[in-house]
Amino acid sequence: MKKICCVFSMLVLVLSLFVSCGNGKKRMVASYIRTWPLGSTPEEMEARQEHWSSETVKAEYLTDLIIAFGGINMETWKIYFPDIEDEKMPFPQIWDEVSALKAKYPKLNISVSIGGWGCDGFSQMCSLPERRKIFVQAVVDLVTQKKLDGIDYDWEYPIGPEWGQEIASSPDDGVNFISLLEETRTAFNELTSKTGKHYSISCAIPASEWYFKKLDVIKIASYLDSVKLMSYDFYGGWSDQTGHNSNLYNNPKDPDWGGWSIKQSVDLCLKAGLPRDKIIVGVAFYGRAWKGVKDNGVHGLYQPFVESAYGDGLSWDDIEDKIFKDPTFVRYWDDVGKAPFLYDGDTFISYTDGEELKLVADYIKKNKLGGVMIWEYGHDIKARLLKPLYKSLN
């Protein structure tokens, strides 16, 4: 009897471990990684002329790495890389570094993202079947030649919001985008039949209600392995006042309808019917900053400003290595929104730190979401935020 009980106890233990690990599948820890030089401001980037390398990327704390960005050549409808080919700050050795990463971390999934903010060409390319065919073949060629694991589409945005956008758009973008995804999936399936390997497709989507109203996100998600939710940039230099860049929960004191939040963004996905395990929560490894901000008894939170600071943003490396060492800055914590911020009496900085990331990781696990997406690795080149985040999730 004692032996039977012992065996039963072992079975229960093994089963509990199996269940707690999500059927053995790790939660995704994906990070975009830039193709332009490191640094917070354009001036710093040009002065440093430094890019990441396979030695500086600590991919033991990642499941996925996404090279950002490729663009769409609107003459050939093929892919090009504006930052890699930049005359002033080129990065021609990037593919050697990618190969070295693949050799060093064989389980790391590496893909390329096409698009990004202000990248034009999606609407025009998707509008005609013959253009899509050329582009999809270019995607397959890129994945095959560079020995990649998939593609990420960062179209910002199909159709677009009511207030308009800078890039070209059309009411047909939603249907045409689905055609692009379907054709990409078909091409990848054909490639899989030759190689025996699965190739992933993901896309980045905004944390905005208009997107879910204008596009068939369920149909879009049906062709995707993951949906990367851009649950950051809630506030910036474009806003009317300061605010949190990427807070976990809404704060009713926020003058913009109680503000935005990671939870609110996830709720939009769940309400739309997206599968929980495909929802990848976006977190920011950088801060937004403003100058000319008055205290008004709230240490500058939700206050008017004169101008954005630090080129409108600061990497985590600069926040930790420079701002934290400046005694004029004081750290504050919004215990409702669950987000930190810094203030020196004039400059306000909203950022994400380890305390918030631990809460975000707990939220992802509690709600059985697919994982986390980071924008972007170049902001935390020493993995000081990444390492504890990875350990919190897995």
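First things first, this report covers the structure right here in the doc.

The rules we used
- Residue indices follow the written sequence of each chain, beginning from 1 at its first position.
- Whole-chain, interface and lining totals are the exception, using all residues; otherwise, since this is a predicted model, local features are given only for residues with pLDDT of at least 70 and side-chain atom pairs are given and counted only at 80 or more.
- Only hydrogens and water are set aside when side-chain values are computed; all heavy atoms of the structure are taken into account.
- Put simply, DSSP H or I for four residues or longer makes a helix, DSSP E for two residues or longer makes a strand, and each gets a number counted from the N terminus.
- As a reference, a globule follows 2.2 Å times the number of residues to the power 0.38, and the radius of gyration itself is taken over C-alpha atoms.
- Relative accessibility under 20% of the residue-type maximum defines a buried residue, over 50% an exposed one, and the middle range a partly exposed one, all with a 1.4 Å probe and only protein chains included.
- Two residues form a contact once any of their heavy atoms are found within 4.5 Å.
- As used throughout, the charge tally considers Lys and Arg to be positive and Asp and Glu to be negative, leaving His and the chain termini uncounted.
- In the sections that follow, a salt bridge refers to a side-chain nitrogen of Lys or Arg positioned within 4 Å of a carboxyl oxygen of Asp or Glu.
- Lines are fitted to the C-alpha atoms to define the axes, a helix being fitted only along its stretch in contact, and any angle between axes, read from their N-to-C directions, falls within 0 to 180 degrees.
- In these notes the angle categories are as follows: under 35 degrees is roughly parallel, over 145 is roughly antiparallel, 65 to 115 is roughly perpendicular, and the rest is oblique.
- Each helix crossing is assigned a hand: it is left-handed if the near helix lies turned anticlockwise from the far helix by less than a right angle, otherwise right-handed if that turn is clockwise.
- Each residue gets one label: Ala, Val, Leu, Ile, Met, Phe, Trp, Tyr, Cys and Pro are nonpolar, Asp, Glu, Lys and Arg are charged, and the others, such as Gly, are polar.
- Nonpolar core, defined: a set of buried Ala, Val, Leu, Ile, Met, Phe, Trp, Tyr and Cys residues in which side-chain atoms within 4.5 Å join the residues together.
- Two cysteine sulfurs form a disulfide in these notes if their separation is within 2.5 Å.
- Any two of the Phe, Tyr and Trp rings considered here, Trp counted by its six-membered ring, make a pair once their centres fall within 6.5 Å; the pair's planes then place it as stacked at under 30 degrees, edge-to-face at over 60, or tilted in between.
- A helix is expected to span 1.5 Å multiplied by its residue count minus one.
- This arc is taken over the directions from the axis of the helix to the C-beta atoms.
- Identification of polar contacts relies on pairs of N or O atoms within 3.5 Å, with a donor-acceptor requirement for protein atoms, meaning one able to donate a hydrogen and the other able to accept it, and with residues adjacent in sequence counted only if both atoms are side-chain atoms.

**Here we look at the overall build of the chain**
Within the chain, the regular secondary structure consists of 12 helices and 15 strands. In terms of C-alpha radius of gyration, the chain reaches 22 Å, essentially the compact-globule figure of 21 Å for 394 residues. Principal-axis analysis of the C-alpha atoms places the extent of the chain at approximately 75 × 65 × 45 Å. Here the chain, with 394 residues, has 55% of them falling under the buried criterion. At a minimum sequence separation of 6, the contacts of the chain that also span at least 24 residues come to 72%.

**With respect to the side chain of glutamate 97**
Tracing the chain through its elements places glutamate 97 in helix H3 (residues 94–104). In this structure glutamate 97 is buried but unpaired, with lysine 104 as the nearest side chain of opposite charge at 9.0 Å. If sequence neighbours within four positions are ignored, glutamate 97 has contacts with Trp52, Ser53 and Ser54.

**Things to note about the environment of methionine 373**
With respect to the helices and strands, methionine 373 occurs in strand E15 (residues 371–375). When the C-alpha atoms of methionine 373 and methionine 125 are compared, they prove to be 27 Å apart, with 248 residues separating the residues in sequence.

**Overview of the packing of helix H11 (residues 354–366) against helix H12 (residues 386–393)**
Close contact between H11 and H12 brings their axes to 9 Å; oriented N to C, the two are set at 25°. When the axes of H11 and H12 are compared, the pair comes out roughly parallel. By crossing handedness, the relation of H11 to H12 is classed as right-handed. Along its contact with H11, which presents Leu357, Lys358, Ala361, Ile364 and Lys365, the element H12 presents Leu389, Ser392 and Leu393. Here the contact of H11 with H12 is built from residues that sort into 5 nonpolar, 1 polar and 2 charged.

**What about the nonpolar core?**
Grouped burial of nonpolar side chains is what soluble globular proteins tend to show. Grouped together as the largest cluster of nonpolar side chains are 127 residues, with contacts concentrated most on Trp52, Tyr153, Phe177 and Tyr211. Discounting residues that sit within four places of it in the chain, tryptophan 52 has contacts with Ile33, Arg34, Leu38, Val57, Ile67, Phe91, Ile94, Glu97, Val98, Leu101 and Ile381.

**Here we look at the state of the cysteines**
Disulfides are covalent bonds that connect the sulfur atoms of two cysteines. Applying the stated rule across the entire model yields 0 disulfides. Not part of a disulfide, cysteine 203 finds its nearest cysteine sulfur in cysteine 269, a span of 10 Å. Take cysteine 203: its relative accessible area is 1%, and that puts it in the buried class.

**Quick notes on the packing of aromatic side chains**
Counting across every chain of the model gives 26 aromatic pairs. With 6.3 Å between their ring centres and 85° between their planes, phenylalanine 122 and tyrosine 153 make a pair best called edge-to-face. Within this pair, whereas phenylalanine 122 is found in helix H4 (residues 122–126), its partner tyrosine 153 is found in strand E5 (residues 150–154), the two being separated by 31 residues in sequence. Residue classification places tyrosine 153 among the buried residues on the basis of a relative accessible area of 0%. Here the aromatic rings of tryptophan 316 and phenylalanine 324 are separated by 5.7 Å at their centres, their planes lie at 85°, and the arrangement is edge-to-face. Each member of the aromatic cluster is reached from another via a ring pair, and the members are Trp117, Tyr157, Trp210, Tyr211 and Phe212.

**Some details on the pattern of salt bridges**
Within this structure, the stated rule accounts for 23 salt bridges. For aspartate 149, the salt bridge goes to lysine 197, with nearest N and O atoms at 2.7 Å. Taken as a pair, aspartate 149 in the loop between helix H5 (129–145) and E5 and lysine 197 in the loop between helix H6 (173–195) and strand E6 (200–206) lie far apart in primary sequence, 48 residues in all. Among the residues examined, lysine 197 registers a relative accessible area of 29% and is labelled partly exposed.

**Let's talk about H11**
With 13 residues, H11 should cover 18 Å at 1.5 Å per step; its first-to-last C-alpha distance of 18 Å lies within 8% of that length. Taken together, the buried positions of H11 are occupied by Glu356, Leu357, Val360, Ala361, Tyr363 and Ile364. Take H11 and look down its axis: the buried residues cluster within an arc of 160°, on one side only. One side-chain oxygen of the residue at the start of H11 lies 3.2 Å from the amide nitrogen of glutamate 355, identifying that residue as aspartate 353. Phi turns positive, to about 55°, at lysine 368, one or two residues after H11.

All we've got here are geometric facts, nothing functional implied.
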